[in-house]
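# An overview of the molecular structure
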Amino acid sequence: MKKLFKSVATLMLLLCLFCPLTALADTGGSGNIDGGGGGMGSGTSTNTWSGGNEGVRITVVRASDHAAVTTPVDFTNKKPDNIRVHFGKVSKLSYSSGQQLAPTTSVYHYINPAQAMPRIISTNGNNNIAAIKKYFCSEYVIKRIADVTGMNYDVLIGGEYKILLEPIAYYKFEGTMIATTATEAALYDEQTSGLLRRRMVSLTHKNLPLAMFLEVGDLGYPAWGGSKTTAASNADIKSSLGIGIVRFTEKPEEPQIDAYDYEYRVNTDVITAVRVSGGQSDPDRPTRVSFNIGGQTYSVGNVYYPEGDSQLAWVKWKTPDTEQNMTIQVTVSGPGSTAKTNLNVKIIDLGKNPPPNPVADDSNDTFRASVVPSRAVKSAASWSIWRPWWQAYWVWHSTGEDSGYWCDHGWWEFDLDRYNASLTVAMSIKCDSNNPTASGRTMKSGYGINQTVTGSISSNQSSAVTQPQNAVSYFPEFGYETYWRLLERMGSGRFEFQKNNYSTYKNRTHFSPIWMPDGAYTVNTWLIDGWTPDGMLSTNLTDSLTIRGNLWQDWHVAPKKP
């Protein structure tokens with residue numbers, strides 16, 4: 001396929017600097033933004049974009065847990081009233097958490113700031129990052145963002161929140177004006193089986209996603225270290241591109257460096273995946289990926305993808321029943337390669353730290369209630385498989401006046417089959433059945449509780465997923481850390497406490513401490529190890545009972561009968 005664009009050198013600018021402002025007052029904000037791009041090539045009357053038809057989606061995010069706290073708003077210098085299809089006001093964070101792309105033909109809402117924005121999407125590879133940083137760190141723009149999102153300005157710039165920026169393009173695709181962020185363009189390309197990329201690659205897969213990316217990892221997104229002048233894959237766009245961040249006061253988060261590529265639990269069915277890219281893989285030039293795991297080789301054949309894109313290759317296997325560190329060696333034969341050929345894996349046992357035996361004279365005068373902590377949560381996953389098919393193109397070759405032959409000069413085309421998985425869960429705790437004075441969901445401290453957790457994964461490719469296999473419960477008396485209980489799987493997707501050795505009846509129970517103050521007794525359970533090619537599905541659950549009084553109040557002391 002001929003390339004319709006020409007790479008242009010990118011002006012690289014250092015970020016995370018506090019830039020002095022002249023025309024606009026400085027808020028003390030720091031822009032974590034870099035950019036790239038290249039030439040636009042050519043288009044057709046039904047698939048076009050004009051420079052400057054752009055905007056920026058803005059979302060306020062809490063720094064502590066990376067949660068969006070406002071509905072996104074779109075700033076633009078244009079009046080894009082001709083947008084016929086868009087995808088609502090959804091941030092990259094929401095898509096990363098599993099929200100599905102949902103097109104709408106409703107009216108597209110936007111805001112025209114009085115102070116015009118600088119050019120965001122380059123048409124020649126020379127992004128004016130300094131001007132973009134200056135603009136979005138200015139007092140006027142931050143106050144305007146606070147105003148339209150309903151945030152208090154002083155709270156917004158106090159250091160507890162960050163501003164997530166995503167470039168938007170307004171363009172005609174197949175004759176229809178649409179609006180997308182870079183992430184939405186990548187997701188939409190997957191829905192259209194690669195048609196958007198084929199029609200608008202210079203915009204949707206190069207200049208739009210490369211308009212903004214991080215130089216320092218933040219909000220769970222990595223710094224971009226790939227090409228800044230060539231079209232990116234959908235996977236790279238979704239994971240790393242089309243994003244800028246403005247932060248206030250505090251130092252940037254340290255880049256998260258993981259010593260391990262995967263962390264698994266013992267005796268668990270898991271999935272290990274790698275992404276293959278480079279060249280084109282088709283039935284004439286197929287790619288095969290081999291995983292060497294614990295001395296056993298797992299081979300994955302027929303890994304196909306078109307030029308300029310990529311394909312996940314994965315293997316399902318069972319972890320050993322003892323804690324250990326492993327190295328998985330990945331070998332690719334045929335076109336393409338992977339970013340890593342050695343995957344470091346840590347296998348842990350969560351069943352080694354149950355709570356100690358509670359006793360009747362326990363006390364804790366310094367107890368302070370803790371907030372249930374955030375844990376890794378992912379309720380939905382999506383992945384895709386390229387399916388090649390032959391496009392025949394017959395050509396007559398003459399060998400003389402009345403002789404010749406037909407020859408197929410065709411080529412491989414690709415359709416994209418999309419798959420998804422979603423996690424459904426429920427959790428319930430109740431007073432232990434042997435509690436003599438429990439009343440509904442109210443009990444005295446010192447007695448036990450029972451728990452049931454259910455979780456199931458539904459998928460249109462069931463062979464590529466595992467059901468949830470582990471659940472871990474944390475308790476308020478230990479600050480939701482220190483000690484925990486690994487629940488026992490009672491059947492597919494159902495979990496309860498293991499039998500308690502300190503229970504007289506060997507019940508599946510957890511005893512609340514006798515010193516626990518009156519009020520809500522909230523148990524936190526992390527349901528994990530539902531594996532997909534797109535990673536692990538998990539959820540963070542809570543349920544509460546009410547404590548009123550303590551076990552000693554059920555004891556009665558009376559004089560001995562004569």
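Since we're looking at a predicted model, the values are computed, not measured. (Residues numbered from 1 in each chain as written. Predicted model: local features only at pLDDT ≥ 70, side-chain atom pairs only at ≥ 80, totals over all residues. Heavy atoms only, no water.)

### A short note on the overall build of the protein chain
If you tally the helices and strands in the protein chain, you get 7 helices and 26 strands. Among the 562 residues that make up the protein chain, the fraction classed as buried is 49%. Relative to all contacts within the protein chain whose residues are 6 or more apart in sequence, the contacts with residues 24 or more apart total 72%. Approximately 26,300 Å² of the protein chain is accessible, and the part contributed by carbon and sulfur atoms is 49%. (Helix = DSSP H or I, 4+ residues; strand = E, 2+ residues; numbered from the N terminus. Buried < 20%, exposed > 50% of the residue type's maximum accessible area, 1.4 Å probe, protein only. Contact = heavy atoms within 4.5 Å. Areas by Shrake-Rupley, 256 points an atom, 1.4 Å probe, with all protein chains shown as cover.)

### Some details on the pattern of salt bridges
On inspection of all chains with the given rule, the structure shows 24 salt bridges. Two residues, D147 and R144, come together in a salt bridge whose shortest N-O distance is 3.0 Å. Residue D147 and its partner R144 are located together in helix 3 (residues 139–149), separated by 3 residues, close to a single helical turn. Given the relative accessible area of 55%, D147 is considered exposed. Taking the shortest distance from any N to any O, the salt bridge between E496 and R508 comes out at 3.9 Å. With E496 in strand 23 (residues 494–496) and R508 in the loop between strand 23 and strand 24 (510–511), this residue pair connects regions lying 12 residues apart in the sequence. Across the pair, exposure class does not vary: E496 and R508 are buried alike. Salt bridges here are not isolated pairs; linked through shared partners, they connect R57, D74, K89 and E184. (Salt bridge = Lys/Arg side-chain N within 4 Å of Asp/Glu carboxyl O.)

### Some points on the sheet that holds strand 9 (residues 287–293)
If you trace the 5 strands from one edge of the open sheet to the other, you get 7-13-12-9-10, paired in mixed fashion. The open sheet has two edge strands with one neighbour each: strand 7 (262–265) and strand 10 (296–303). Within the sheet, the average angular offset between the axes of one strand and its neighbour, ignoring direction, is 25°. Across 5 bridges, strand 9 lies against strand 12 (residues 324–333) in antiparallel orientation. Paired with R288 across the bridge in strand 12 is S333. (Pairing = 2+ DSSP bridges. Axes fitted to C-alpha atoms, helices over the stretch in contact; angles between N-to-C directions.)

### So, a nonpolar patch on the surface
A cluster of nonpolar residues, W394, W396 and W406, forms a patch on the protein surface that exposes about 430 Å² of accessible area. Looking at where W396 falls in the secondary structure, it is placed in strand 15 (residues 394–398). For W396, a relative accessible area of 42% translates into the label partly exposed. (Patch = residues over 30% accessible without salt bridge, like charges linked within 9 Å, V, L, I, M, F, W, Y side chains within 5 Å.)

### Comments concerning the pairing of strand 6 (residues 244–248)
Among the 5 residues in strand 6, 5 count as buried, and that is most of the element. Across the two faces of strand 6 the burial is the same, with G244, V246 and F248 and I245 and R247 all buried. The pairing of strand 4 (residues 161–173) with strand 6 spans 4 bridges and is classified as antiparallel. In the strand pairing of strand 6, K162 is matched with R247.

### Here we look at the environment of P476
Along the chain, P476 falls in the loop between strand 20 (470–474) and strand 21 (484–486). On a C-alpha basis, the gap between P476 and R368 in space is 9.2 Å, while along the polypeptide they are 108 residues apart. In contact with P476, other than residues within four places in its own chain, are F367, M516, Y521 and T522.

### Some details on helix 6 (residues 195–207)
The first and last C-alpha atoms of helix 6 sit 17 Å apart over 13 residues, in line with the 18 Å expected at 1.5 Å per residue. When the local axis directions of helix 6 are compared, the greatest deviation, roughly 105°, occurs at V201. Considered for burial, the residues of helix 6 that qualify are L195, L196, R197, M200, V201, S202, L203, T204, H205, K206 and N207. Elements in contact with the buried residues of helix 6: strand 4, helix 5 (182–191) and helix 7 (234–240). (Expected span 1.5 Å × (residues − 1). Bend = angle between axes of the 7 residues up to and from the residue.)

### Brief notes about the packing of aromatic side chains
Going through the model one piece at a time under the given rule, you end up with 18 aromatic pairs. Centroid distance W383 to Y419: 6.4 Å. Interplanar angle 20°. Geometry classified as stacked. Placement of the pair is W383 in strand 14 (residues 380–391) and Y419 in strand 17 (residues 411–431), with a sequence separation of 36 residues. An identical accessibility class is assigned to W383 and Y419; each is buried. Centroid distance W390 to W412: 5.1 Å. Interplanar angle 75°. Geometry classified as edge-to-face. You can see W390 sitting in strand 14 and its partner W412 sitting in strand 17, a full 22 residues away along the chain. According to the relative accessible area criterion, W390 is partly exposed, its value standing at 33%. (Phe/Tyr/Trp six-rings, centres within 6.5 Å; stacked < 30°, edge-to-face > 60°.)

### Here's the deal with the nonpolar core
A general feature of soluble globular proteins is that nonpolar side chains tend to end up buried together. I58, F136, I145, L156, I163 and Y171 are the most contacted members of the largest nonpolar core, which totals 55 residues. When residues in this core are grouped by element, the largest group, 6 residues, is from strand 4. Discounting chain neighbours no more than four positions away, the residues touching I163 are I58, T59, I142, I145, L156, G244, I245, V246 and F248. Counting 48 residues, the second-largest nonpolar core is a separate cluster that includes V300, W386, A421 and M536. (Core = buried A, V, L, I, M, F, W, Y, C linked by side-chain atoms within 4.5 Å.)

### Describing the sheet that holds strand 26 (residues 535–550)
Strand order in the open sheet made by the 5 strands is 18-26-25-20-21, with mixed pairing throughout. Because the sheet does not close on itself, it has two edges, and the strands there are strand 18 (442–445) and strand 21. Each adjacent strand pair in this sheet contributes to an overall mean axis angle of 35°, direction not counted. With 12 bridges connecting them, strand 25 (residues 519–532) and strand 26 associate as antiparallel partners. In the sheet register, G530 faces strand 26, and the bridge partner there is L537.

### Remarks on the environment of G150
Note on placement: G150 falls in the loop between helix 3 and helix 4 (153–156). For G150, a relative accessible area of 65% gives the class exposed. Along the backbone, G150 and T70 are 80 residues apart, and their C-alpha atoms lie at a distance of 7.9 Å.

### Quick word on the pairing of strand 10
Taken together, the 6 bridges between strand 9 and strand 10 define a ladder with antiparallel strand orientation. Bridge pairing in strand 10 places S290 opposite S299. Counting the residues between successive antiparallel strands, the hairpin from strand 9 to strand 10 contains 2 residues, one of them, G294, with a positive phi of roughly 60°.

### A closer look at helix 2 (residues 129–136)
What helix 2 keeps buried is the set I129, I132, K133, Y135 and F136. All buried residues of helix 2 fall inside an arc of 165° around its axis, so they share one side. (Arc of directions from axis to C-beta.)

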